[in-house]
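The chain contents come next:
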Amino acid sequence: MCRSMEAMRDKAWCEGKAEGKAEGKAEALYSLVLEGILTLSQAANRMGLSESQFTEKVMQAGIFVS
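Predicted, not measured: the structure shown is a model, and the values here were computed from it.

**What to know about the confidence of the model for the chain**
Turning to step 1, where the next piece is worked out: On average, residues of the chain score 82 in pLDDT, and 85% of them reach the 70 mark or higher.
Turning to step 2, where the next piece is worked out: Mean pLDDT across the elements of the chain bottoms out in helix 1 (residues 3-34) (78) and peaks in helix 2 (residues 40-47) (95).

**A few points about the environment of Gln42**
Turning to step 1, where the next piece is worked out: If you trace the backbone, Gln42 turns up in helix 2.
Turning to step 2, where the next piece is worked out: Relative accessible area serves as the criterion here: at 38%, Gln42 is assigned to the partly exposed category.
Turning to step 3, where the next piece is worked out: In this structure, the C-alpha to C-alpha distance between Gln42 and Leu32, residues 10 residues apart in sequence, is 10.0 Å.

**Observations regarding the packing of helix 2 against helix 3 (residues 51-60)**
Turning to step 1, where the next piece is worked out: Look at helix 2 against helix 3: their axes get within 8 Å of each other, and the N-to-C directions meet at 80°. With respect to their mutual orientation, helix 2 and helix 3 come out roughly perpendicular. Along its contact with helix 2, which presents Leu40, Ser41, Ala43, Ala44 and Met47, the element helix 3 presents Glu51, Phe54, Thr55 and Lys57.

**A closer look at the nonpolar core**
Turning to step 1, where the next piece is worked out: Formed by Ala26, Leu29, Tyr30, Val33, Leu38, Ala43, Ala44, Met47, Phe54, Val58 and Ile63, the largest nonpolar core amounts to 11 residues.
Turning to step 2, where the next piece is worked out: Those elements giving two or more residues to this core turn out to be helix 1, helix 2 and helix 3.
Turning to step 3, where the next piece is worked out: At 4 residues, helix 1 tops the list of elements feeding residues into this core.
Turning to step 4, where the next piece is worked out: Not counting the four nearest positions on each side in its chain, Val33 is found in contact with Leu38, Thr39, Leu40 and Ala43.

Parameters at a glance
- Residues numbered from 1 in each chain as written.
- Predicted model: local features only at pLDDT ≥ 70, side-chain atom pairs only at ≥ 80, totals over all residues.
- Heavy atoms only, no water.
- pLDDT = per-residue confidence, 0-100.
- Helix = DSSP H or I, 4+ residues; strand = E, 2+ residues; numbered from the N terminus.
- Buried < 20%, exposed > 50% of the residue type's maximum accessible area, 1.4 Å probe, protein only.
- Axes fitted to C-alpha atoms, helices over the stretch in contact; angles between N-to-C directions.
- Parallel < 35°, antiparallel > 145°, perpendicular 65-115°, else oblique.
- Contact = heavy atoms within 4.5 Å.
- Core = buried A, V, L, I, M, F, W, Y, C linked by side-chain atoms within 4.5 Å.

Pasting the structure below:
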């Protein structure tokens, strides 16, 4: 495989890994919100997001429970 293809593959893998970690973190924090351990605001702050951004991220990950 040529070097440019390897570099693209490696970059895509790293991006996918980072995205998976972020989704896992959002899921864990949202679980703490549902259990009443954290407020939505606290969970969003831990992700470095606003409440609406955090809610959107949770919904995109398919873990939002209304």
